[in-house]
Amino acid sequence: GRFIDNIDHYRVIFEKRERIKGDIGELETMELKVRHAPNFSVYMKWKTGDAGRQLLYNDEYDDKQMVVKLGGLKGRILPALKLDPLGSEAQAGARYPVTEVGISGMIRQMIVHRENDLNHGHGVDCSRLANEVFDERECYCFRYEYSNQKFNTLYRKSIVLMDTRYHVPLRVVNYTWSGNAEGMTPQQLDEMTMIEDYAFRQLDMGAKLVAEDFSRDNPAYRM
């Protein structure tokens with residue numbers, strides 16, 4: 001994670017598919033701009049689903065609200081919404097708040113689980129699989145499997161693809177526990193229990209991002 005901490009800002013295509021309240025959602029693809037310094041800021045624009053939808057969160061605004069502008073005709077008619085990023089309305093359609101969006105947020109979540117593994121000292125099998133190419137980048141591939149729920153209440157299995165050059169996660173797929181896995185093949189079980197699939201593509205750490213990229217007054221955003 002040290003490498004990404006030294007990157008002030010980057011642009012990336014973020015893909016996510018999540019299971020919320022038992023239902024698996026569609027794959028969402030969005031353009032993502034992230035700035036870590038002088039303060040944490042995120043701009044997202046959806047390319048699929050509600051295409052054109054925008055979300056802006058910038059920690060420097062005193063109200064600490066995120067601004068959401070719907071896509072399509074609704075976005076042209078309706079004003080932008082201001083929402084508490086940690087409120088129930090803001091989090092209804094996502095498993096994590098906007099404050100955790102991006103590669104650093106992903107690393108923070110992974111560290112929580114790895115520290116949990118170390119605290120237990122057993123109950124998890126970590127395997128390094130053959131390297132894979134993801135988004136034209138060579139990646140280390142790791143698989144974590146838990147022997148039962150007491151070692152990880154949320155995840156049964158995790159697959160992590162880590163860029164070999166920069167040591168940042170480019171794809172993470174997480175699977176939860178099933179109450180009834182009898183008679184299922186491992187593949188069927190994975191399909192039924194996949195709860196999180198996150199991917200970062202076209203990572204551009206040399207992107208020239210400026211303060212206006214994270215401003216509510218940016219005329220291009222029409223917020």
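These notes cover the structure that comes with them. (Residues numbered from 1 in each chain as written. Predicted model: local features only at pLDDT ≥ 70, side-chain atom pairs only at ≥ 80, totals over all residues. Heavy atoms only, no water.)

### Re helix α4 (residues 103-120)
Given a rise of 1.5 Å per residue, 18 residues ought to cover 26 Å, and the 26 Å separating the end C-alpha atoms of α4 matches this to within 8%. Taken residue by residue, α4 has Ile103, Ser104, Gly105, Met106, Ile107, Met110, His113 and Asp117 as its buried positions. Within two residues after α4, glycine 121 carries a phi angle of roughly 80 degrees, on the positive side. (Helix = DSSP H or I, 4+ residues; strand = E, 2+ residues; numbered from the N terminus. Expected span 1.5 Å × (residues − 1). Buried < 20%, exposed > 50% of the residue type's maximum accessible area, 1.4 Å probe, protein only.)

### Examining the pattern of salt bridges
On inspection of all chains with the given rule, the structure shows 16 salt bridges. With a closest N to O distance of 3.3 Å, lysine 16 and glutamate 18 form a salt bridge. The pair formed by lysine 16 and glutamate 18 is uniform in burial state, with each residue classed as buried. A salt bridge links glutamate 145 to arginine 143, with the nearest nitrogen and oxygen atoms 3.4 Å apart. The class for arginine 143 is partly exposed, based on a relative accessible area of 25%. (Salt bridge = Lys/Arg side-chain N within 4 Å of Asp/Glu carboxyl O.)

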